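Below, each chain spelled out in residue letters.
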Amino acid sequence: MAAIRLSNITKRYGSLTAVDDFTIDVKDGEYLTIIGPTGAGKTTILKIIAGLVEQDSGDVFIGGEPVNEYPPEKRSAVYFPQTYSLFPHFNVWENTTFAPRIQGVGEQEISTIGKEMLTMVRLWKRPDALPSELSGGMQQRCGLARALAANASVLLLDEPLRALDARLRIELRYELRKLVKDLNITAIHVTHDQEEAMSISDRIAVIKNGRLEQIDTPQKLFDIPKNPFVANFIGFSNFIEGVIVNKTDDLLTIKGTYDDTIMTNGEFNIGDKVVASIKIEYVVVDKQNEGGPNTFFGEIEDFTFLGKFTTLDVKLDNGRKIVSKLQSTIALSYSKGEKVRVKFPQEKLIAFEYPKFGLIKEVGV
Amino acid sequence: MPVIELKNLTMRFGSIAAADNINLNVKSGEYVTILGPSGCGKTTIVRMIAGILEPTSGEVYIDGKLMNNVPIYERNIGYVFQNIALFPHLNVWNNATYSGRVKGRDRERATKIGNEALRLVKLLNQKALYPRELSGGSQQKTSLARALCSDTKLLLLDEPLSALDVVERMGLRRELRRLVKTLNLTAIHVTHDQEEAMSISDRVVVMKAGKIVEINTPQNLYNNPKKIFTANFVGESNFIEGIVSMVDGPNIVVEMNDGDILRLKSHGFTYGDAIVVSVRPENIVLEKGEDNRENTVVAVIHDIIFISSYIRYVLKTKGGDYLNVDVPITSNKRFNKDESVIVIFDPEKTCVYKKPEEGLPEVLKLE
């Protein structure tokens, strides 16, 4: 086991800053996911920890020890890429026991390690199979067994599930977490898939343009995002742009761009331009006709069935379009064109400072 | 709006049947998705429809006409690939109108169709840009515009969204359905992504190992899967094996492997049948406590996972089985790790299947 500390890491490629003054602490035995859009610097960070890329400035610590000067093989951190290349002419057993073999470990111990690793990744029935005889998921599991057999205490996973089918990805993400927890190792996992990040991690670090935007548990990132970008990258949000027109203590009245009025809490002043966000799950849709604060009326424009949940596109009478996500069993009682009431619970509306470069640029939609 | 009919369509590669006796009717104006794991034969089928592959046996009909010996360029099909194949040295406009010019349309008509197609995919103001200057989503929209420019009424979409990021994928899947429906096209879309299939399609064809498992609307596939494979592949399910220990009118009493008893609808099963009970994680109700009543199982919360719209509780039953239960985040119910809970099964939301001879894991296998 090993804790990891990255302290003020910066990496530039020419005029492009891939990683920008990045500081993070990963606890011993923690499963941390780094998530961000393509080009955010996720892979560069992993490679800097592994020693495959050298940072321009800043320090990497593994297990409390500074490792800046260490070559990759001395860092006890294994980098596991998206498509892990197994030796095509070695079978599963030979691939898995490769690292202990070249480390000069004794025959009996190699046999013990190999069996343990293959049992863990559920390939113990296929030691003689060549990589070409395995499915994509099995190859990936064999790759994991090989990486883990090297006795690493830190696993650096770079989009390890991306090349697999959607349904298989769901299956393997739970296996991956179980494996890491059973082995008591520290894992840093890079992905752009928010659902994968949520289901697998103790904490998630959201990054954008090489900078850390927010790091927290999945639920806190979802419920208390620090900015509109995080609000729409971890879960999906409705955004209401407007100006503060009234303020009593910390209760704000926001005049929206559709001439609508919403109320929420926050630290702003009259005249401030803001954007309020609410997660699509927290938008309440019902058939009541009583009005009130943060309550609007509108018409259902469309349904999208997703299995467990169904999303409703609602066009409010003031012209604003809102998305609401309901359990499919509840969505069944509504139909296209139906008039509905839409409520934004005040405690679920979060007001942010209006982004400098506009909302679309900020949330990237 | 073309109608497509596949009759006993088979494609063999050596000893492997990539598509094995496929029968499928796609209605005019319908959006049909072929869903299945890698290597199940879904791409092989659209390639046979397009004329890229010559079937080993069986027939392809488009609008009632036999297509088997009709060359690919006379089938009038728009084809969109997973790997966005644009000409890198041509801008959006020239990529989109390429097929129109090849087909020798006059300039005026090609311009009109090109403008219309780019307007539809919302790329008119980017028509001078080159592929490398576009996001993945815009590149794929360009190839979609190119397919539309060929004046086709039949779109074949082979994993058109797989190469895109999540946010782009969600946006484009909406656009795809909207386009197909507003232009009155017929679409056959291949994917391995169950959520994509459900959200976009009128009907979904589930495939496994070259064969059609089941065809149905997204809602029916999800709520009443006819096959165990579907119950697991389209959405997730919990599976519990048991034996019918009693038949009681329209109901059966099922004794599960760990000794717990469930009273379920009979689904035609009788005394002594070995069965598999399947239930969706969101269709199980949890309550605090430990008293065992009818249709309940006692379990302990083993793990708690927050997945944006819902919280997944991983339970361990006293028999040692694991069950997944999903509770929406908007629900007030919350449970703690290691807490004892009562797991309540609803017979209305529980499917019962004959236990497969080859064993449950073999049938559920995803690859």
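Residues numbered from 1 in each chain as written. Chains lettered and ligands numbered in written order. Predicted model: local features only at pLDDT ≥ 70, side-chain atom pairs only at ≥ 80, totals over all residues. Heavy atoms only, no water.

Engineer: Help me out: how do you make sense of the overall build of chain B in this one?
Structural biologist: Of the regular secondary structure elements, chain B holds ten helices and 20 strands. Looking at the 367 residues of chain B, the share that counts as buried comes to 55%. Of the contacts made within chain B by residues no fewer than 6 positions apart, 67% connect residues no fewer than 24 positions apart. Of the roughly 16,000 Å² that chain B leaves accessible, carbon and sulfur atoms contribute 50%. (Helix = DSSP H or I, 4+ residues; strand = E, 2+ residues; numbered from the N terminus. Buried < 20%, exposed > 50% of the residue type's maximum accessible area, 1.4 Å probe, protein only. Contact = heavy atoms within 4.5 Å. Areas by Shrake-Rupley, 256 points an atom, 1.4 Å probe, with all protein chains shown as cover.)

Engineer: Can you walk me through the pairing of strand E8 (residues 186-191) of chain B in this structure?
Structural biologist: Working note: regular strand, side chains alternate between the two faces of the sheet. Residue and element names in this part refer to chain B. Among the six residues of E8, six are classified as buried, and the element is accordingly described as predominantly covered. With burial as the criterion, each face of E8 is covered, one bearing Thr186, Ile188 and Val190 and the other bearing Ala187, His189 and Thr191. Here strand E3 (residues 31-35) runs beside E8; their pairing, made up of five bridges, is parallel. When the sheet's bridge partners are listed, Ile34 is paired in E8 with Val190. Where strand E7 (residues 154-158) meets E8, five bridges bridge the pair, whose relative direction is parallel. Note on E8: the bridge partner recorded for Leu154 is Thr186. Read from E7 through helix H6 (residues 166-182) to E8, the crossover connection turns out right-handed. (Pairing = 2+ DSSP bridges. Right-handed = clockwise from strand over helix to strand, strands pointing away.)

Engineer: Can you help me understand the nonpolar core in this one?
Structural biologist: Proteins that are soluble and globular tend to have nonpolar side chains buried together. Within the largest apolar cluster, 66 residues are counted, with the highest numbers of intra-cluster contacts made by A:Ile234, A:Val342, A:Phe344, B:Leu286, B:Leu315, B:Val343 and B:Phe345. Looking at this core element by element, the count peaks at four residues for strand E16 (residues 296-307) of chain B. Those residues in contact with A:Ile234 that lie beyond four places of it in its chain are A:Ile35, A:Gln194, A:Met198, A:Ile204, A:Val206, A:Leu221, A:Phe222 and A:Lys279. (Core = buried A, V, L, I, M, F, W, Y, C linked by side-chain atoms within 4.5 Å.)

Engineer: Which parts of the structure should I look at to understand the sheet that holds strand E4 (residues 57-62) of chain A?
Structural biologist: In any sheet, the strands associate via hydrogen bonds between backbone groups, in a parallel or an antiparallel arrangement. Residues and elements named next belong to chain A. Sheet architecture is open: four strands sit in the order E2-E1-E4-E5, paired in antiparallel fashion. Because the sheet does not close on itself, it has two edges, and the strands there are strand E2 (16-26) and strand E5 (65-66). Where strand E1 (residues 4-13) lies against E2, seven bridges are found, and the strand directions are antiparallel. In the sheet register, Tyr13 faces E2, and the bridge partner there is Leu16. Packing against the sheet, helix H1 (residues 42-50) makes contact with E1, E2 and E4, and its axis sits at approximately 120 degrees to E1. (Axes fitted to C-alpha atoms, helices over the stretch in contact; angles between N-to-C directions.)

Engineer: Whenever I open this one, H6(B) confuses me. Can you help?
Structural biologist: An α-helix turns once every 3.6 residues. As a result, residues three or four positions apart point the same way. All names here are of chain B. The end-to-end C-alpha separation of H6 is 25 Å, in line with the 24 Å expected for 17 residues at 1.5 Å each. Listed in full, the buried residues belonging to H6 are Val166, Arg169, Leu172, Arg173, Glu175, Leu176, Leu179 and Val180. Where H6 ends, the next residue or the one after it, Asn184, has phi of about 60 degrees, a positive value. (Expected span 1.5 Å × (residues − 1).)

Engineer: Got a minute to help me understand the domain arrangement of chain B in this structure?
Structural biologist: Frequently, the measure chosen for interface size is the accessible area removed from exposure when the parts meet. Residue and element names in this part refer to chain B. Assigned domains of chain B: these are domain 1 (4-232) and domain 2 (238-356). Computed over C-alpha atoms only, the centres of domain 1 and domain 2 are separated by 39 Å. Contacts between domain 1 and domain 2 engage ten residues on the former and nine residues on the latter. Summed over both partners, the interface of domain 1 with domain 2 buries about 710 Å², with 58% contributed by carbon and sulfur atoms. (Domains from an automatic or database assignment. Buried area = accessible area lost by both parts, 1.4 Å probe.)

Engineer: Looking at this structure, how should I read the sheet that holds strand E11 (residues 237-248) of chain A?
Structural biologist: Residues and elements named next belong to chain A. Read from one edge of the open sheet, five strands run E13-E12-E11-E14-E20, paired in antiparallel fashion. Every other strand in the sheet has two partners, leaving strand E13 (261-265) and strand E20 (350-353) as the edge strands with one partner each. Strand-to-strand, the axes of this sheet are offset by a mean angle of 45 degrees, without reference to chain direction. By the bridge criterion, six bridges tie E11 to strand E12 (residues 251-256) in an arrangement that is antiparallel. When the bridges of E12 are listed, Gly242 appears paired with Gly256.

Engineer: What exactly am I supposed to notice about the interface of chain B and chain A here?
Structural biologist: Counting residues at the interface gives 42 residues for chain B, matched by 42 residues for chain A. Roughly 3,600 Å² of surface becomes buried between chain B and chain A when both sides are summed, with 58% attributable to carbon and sulfur atoms. Connecting chain B to chain A are three salt bridges. For A:Lys308, the salt bridge identified is with B:Glu282, shortest N-O distance 3.5 Å. (Salt bridge = Lys/Arg side-chain N within 4 Å of Asp/Glu carboxyl O.)

Engineer: Is there a simple way to explain the layout of surface pockets in this structure?
Structural biologist: Where empty space is left in the structure can be found by rolling a water-sized probe over the atoms. Of the voids in this model, the second largest pocket is the one considered here, and its volume is about 2,000 Å³. Forming the boundary of the second largest pocket are 45 residues, of which A:Arg122, A:Glu171, A:Tyr174, A:Glu175 and B:Tyr322 lie nearest the centre. For the lining of the second largest pocket, the leading source of residues is helix H6 (residues 166-183) of chain A, giving eleven residues. Residues that form the lining of the second largest pocket fall into these classes: 19 nonpolar, six polar and 20 charged. (1 Å grid on protein atoms, 1.4 Å probe; cavity = no way out; pocket = protein on both sides within 12 Å on 5 of 7 lines; lining within 4 Å. Points joined across faces, edges and corners; volume = space filled by probe spheres on them. Nonpolar A, V, L, I, M, F, W, Y, C, P; charged D, E, K, R; others polar.)

Engineer: Looking at this structure, I do not really get the environment of B:Val352. What am I missing?
Structural biologist: Residue and element names in this part refer to chain B. In this structure, Val352 sits in strand E20 (residues 350-354). Note: C-alpha distance between Val352 and Val254 (98 residues apart in sequence) is 10 Å. Residues within four places of Val352 in sequence aside, it is in contact with Leu264, Lys265, His267, Phe269, Ile275 and Val276.

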